[in-house]
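Spelled out, the chains give:
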Amino acid sequence: MESMGKKEPRPRRSFTPEFKAEIVELCRRGDRSVGQIAKDFDLTETAVRLWVSRAEVDAGERDGLTSSEREELAALRRENRRLREDVEVLKRATAFFAKETR
């Protein structure tokens, strides 16, 4: 009885940009609903809606970060984290050598 109503989590899949663009184009045509397209291609409706939303942002139809801006932001955050770690190492080294010279 415990297993009733419980679904196993769906394995994470990745899709090519071409495939995503094709799905977005199908959604924009308006022949079928987003839910129906998701069902037809065995996708989650949430993922399809996210792809459509990102395509609208990239096309300038909606406000938000474009894909390239999103990538740049992620790269800058990685660099910022690395630089903060470098500064922390230098602070420790400075403190260590300050003790040694006294």
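This text follows the structure it describes.
Residues numbered from 1 in each chain as written. Predicted model: local features only at pLDDT ≥ 70, side-chain atom pairs only at ≥ 80, totals over all residues. Heavy atoms only, no water.

Visitor: Just give me the short version of the nonpolar core, but keep the residues and values in it.
Guide: Ile23, Val24, Leu26, Cys27, Val34, Ile37, Ala38, Leu43, Val48, Trp51, Val52 and Ala55 together form the largest nonpolar core, which totals 12 residues. Contributing elements (two or more residues each) for this core: helix H1 (17-29), helix H2 (34-40) and helix H3 (45-58). (Core = buried A, V, L, I, M, F, W, Y, C linked by side-chain atoms within 4.5 Å. Buried < 20%, exposed > 50% of the residue type's maximum accessible area, 1.4 Å probe, protein only. Helix = DSSP H or I, 4+ residues; strand = E, 2+ residues; numbered from the N terminus.)

Visitor: Tell me about H3, and please be specific about residues and values.
Guide: Three or four residues apart is the spacing at which side chains of an α-helix point the same way, because the helix has 3.6 residues per turn. With 14 residues, H3 should reach 20 Å at 1.5 Å per residue; the first-to-last C-alpha distance of 20 Å fits that figure. Taken as a whole, H3 has its buried residues at Val48, Trp51, Val52, Ser53, Ala55, Glu56 and Val57. Packing partners of the buried residues in H3 comprise H1 and H2. Positive backbone phi, at 80°, marks Gly60, one or two positions downstream of H3. (Expected span 1.5 Å × (residues − 1). Contact = heavy atoms within 4.5 Å.)

Visitor: Pulling in residues and values, what's your account of the packing of H1 against H3?
Guide: The angle between the axes and the distance between the axes are what describe a pair of packed helices. Where H1 meets H3, the axes come as close as 9 Å, and the angle between the chain directions of the two elements is 90°. Judged by the angle between their axes, H1 and H3 are roughly perpendicular. Note on element contacts: H3 touches H1 through Val48, Trp51, Val52, Ala55 and Glu56, opposite Phe19, Lys20, Ile23, Val24, Cys27 and Arg28. (Axes fitted to C-alpha atoms, helices over the stretch in contact; angles between N-to-C directions. Parallel < 35°, antiparallel > 145°, perpendicular 65-115°, else oblique.)

Visitor: I'd like a rundown of the pattern of salt bridges, residues and numbers included.
Guide: Evaluated as defined, the whole model comprises 7 salt bridges. A salt bridge links Arg28 to Glu61, with the nearest nitrogen and oxygen atoms 3.6 Å apart. Here the residue Arg28 occupies a position in helix H1, and Glu61 occupies one in the loop between H3 and helix H4 (67-101), the gap between them amounting to 33 residues. For Glu61, a relative accessible area of 52% translates into the label exposed. A salt bridge links Glu45 to Arg49, with the shortest nitrogen-to-oxygen separation between them at 2.7 Å. With a gap of 4 residues between them, Glu45 and Arg49 both fall in helix H3, about one helical turn apart. The class for Arg49 is partly exposed, based on a relative accessible area of 46%. (Salt bridge = Lys/Arg side-chain N within 4 Å of Asp/Glu carboxyl O.)

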